[in-house]
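Residue-level structure breakdown
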Amino acid sequence: MSYAPPRAASVEKARVLASAHRHVIPGRVTVFNALGIDLVMGRREGYRFSDVDGQEYLDFHLNGGTFTLGHRNPELLGVLRQALETLDLGNHHFPSAARTALAELLTRLTPGNLQYSVFTSGGSEAIDVAIKSARYATGRRTIVALENAYHGRTGLSGAAGDAATAMLFHSDNPVEFVRVPFEDLDAIERALRREDVAAVLMETIPATQGFVTPSPQYLPGVKTLCERYGTLYIADEVQAGLGRTGHLWGVDVWNVKPDILVTAKGFSGGLYPIGAAVLSARAGAWLAEHGWGHPSSYGGAELGCAVAQRVLELCSDAQNLAHARAISEHFAAGFRDIQQRQPFLRKVHRQGLVMGLEFDSPSGGVDMMKALYDRGLWAIVAGFNSAILQWKPGFLVDTAYCDLALERLEAAIEVAKRLPKGSGTRFVSNGRSDGAARAAAGR
Ligand SMILES: Cc1ncc(COP(=O)(O)O)c(C=O)c1O
């Protein structure tokens, strides 16, 4: 696929795009360029951002929830500025007040009995820590994960994700990383029965599959099977956690108590990179045995800890959680109204603010992504289901903002429903560039 510089772009925008194509992310630039999406972010504030040429967008991508509290949230900026007066990254060899305060808060706010926090610089690394911990605790190697899952792209997290991308880097390992279909408890039991499985790794609401809400019995069923066969349950809450479901953690919706919970993205407040694997006493026993089992110079940087602590406070606040649930209902009513006129919006998957909009075309998610982009709203297609558009409103949005988004949604449907069905599919499911497009989409 070739790259054609956009015709209407300013000199500055064209320069950045060309440089990104030459020096940074050629595959992504090319895939988006072929769709007519040549975004270079400029100003950003709250739940809106502009591209460098001044076009404003409502942000319904939030980079997977990284900006769930808004871009440059003033309260979080204040915390970071204050922390910069006295702190820096800190030295990870030694105890630190910022890290212990955050770890204590995580223990208090996570379900079940999670005792330890291993801080990382992002979600992929935290998934690696979760897998290492489960292997240590059980003395087993196998990890069971969903087909077409995304848990990051570092060594172990990448091996647990979709096979095609793991194969690209010769890091696929089908013996140690077993994939099962979503909602298939029998497949999980068949895998666990061999009693060599260290952990089931499960994103609570799989983003790349379009945020399809698990059935009421699925996640509790997985947990029961884990207990039966001595396997640990790792909850990847990188996108579903931090209030986005209307509960602090996605697993709280189904009352599942994981052995390991992973958080990242929004944990950073969109300002300072940080992730965490929160471990039960059993999963984290290696921390006592080997003090340097996972040193990370930037993991748990003290500046990030200060921001993340306030993020947790805001995301666990009862009023904010009630607000998120009310916004979800507001959208539900808006979607029902649109569906009466627009059957092209075939199905809504919704748990709190975690939403996937399924359209009546195999490429509906791609076509809608582009049609909305042209109307000043940025939302991204689900990486492994191009019929579904991920719809991720911010945690603190107001109803006027939602109504504007609903207006733009219907206007975009008017355009996308007239396109030949499947017209955009090639951008997300076409051989080798498949991987690039999928990697570009859905997070
Ligand atoms: C569900 C999930 N897990 C893990 C990750 C990896 O996080 P990071 O990009 O911070 O490494 C992501 C990122 O998109 C994700 O969506």
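Before going into details, it helps to say that this report is about the structure given with it. (Residues numbered from 1 in each chain as written. Predicted model: local features only at pLDDT ≥ 70, side-chain atom pairs only at ≥ 80, totals over all residues. Heavy atoms only, no water.)

A look at helix α13 (residues 302–316)
Spanning 15 residues, α13 covers 21 Å between terminal C-alpha atoms, matching the ideal 21 Å at 1.5 Å per step. For α13, the buried fraction is high: 11 of the 15 residues fall into the buried class. Here the buried face of α13 lies against α4 (74–86), α5 (97–109) and α14 (318–341). (Helix = DSSP H or I, 4+ residues; strand = E, 2+ residues; numbered from the N terminus. Expected span 1.5 Å × (residues − 1). Buried < 20%, exposed > 50% of the residue type's maximum accessible area, 1.4 Å probe, protein only. Contact = heavy atoms within 4.5 Å.)

Details of the pairing of strand β7 (residues 197–203)
As a general feature of sheets, a regular strand has side chains that alternate between the two faces. Across the seven residues that make up β7, a large majority, seven, are buried. Examined bridge by bridge, strand β5 (residues 142–146) and β7 share four bridges and lie parallel to one another. Directly across from Ile 143, in β7, lies its bridge partner Ala 199. Across five bridges, the pairing between β7 and strand β8 (residues 232–236) is parallel. Within β8, the residue paired with Glu 203 across the bridge is Asp 236. For the segment spanning β7, helix α10 (residues 218–228) and β8, crossover handedness is right-handed. (Pairing = 2+ DSSP bridges. Right-handed = clockwise from strand over helix to strand, strands pointing away.)

Re the sheet that holds strand β13 (residues 377–378)
Taken in spatial order, the four strands line up as β1-β2-β3-β13 in an open sheet, and their pairing is mixed. Each end of this open sheet is capped by a strand with a single partner; those strands are β1 (41–45) and β13. Packed on one face of the sheet, helix α16 (residues 399–416) meets β2 (48–51), β3 (56–59) and β13 and runs near 105 degrees to β3. (Axes fitted to C-alpha atoms, helices over the stretch in contact; angles between N-to-C directions.)

Section: the nonpolar core
Among the nonpolar cores identified, the biggest contains 104 residues, and Leu 192, Met 368, Met 369, Trp 391 and Leu 409 are the most heavily contacted of them. In terms of residue count, α13 provides more of this core than any other element does, nine residues in total. Excluding its chain neighbours within four sequence positions, the residues that come into contact with Leu 192 are Val 144, Val 197, Val 200, Leu 225, Cys 226, Tyr 229 and Thr 231. The next biggest cluster of nonpolar side chains, apart from the first, holds 26 residues, and it includes Ile 131, Ala 134, Ala 137 and Ala 199. (Core = buried A, V, L, I, M, F, W, Y, C linked by side-chain atoms within 4.5 Å.)

Distances and angles like these do not, on their own, reveal function.
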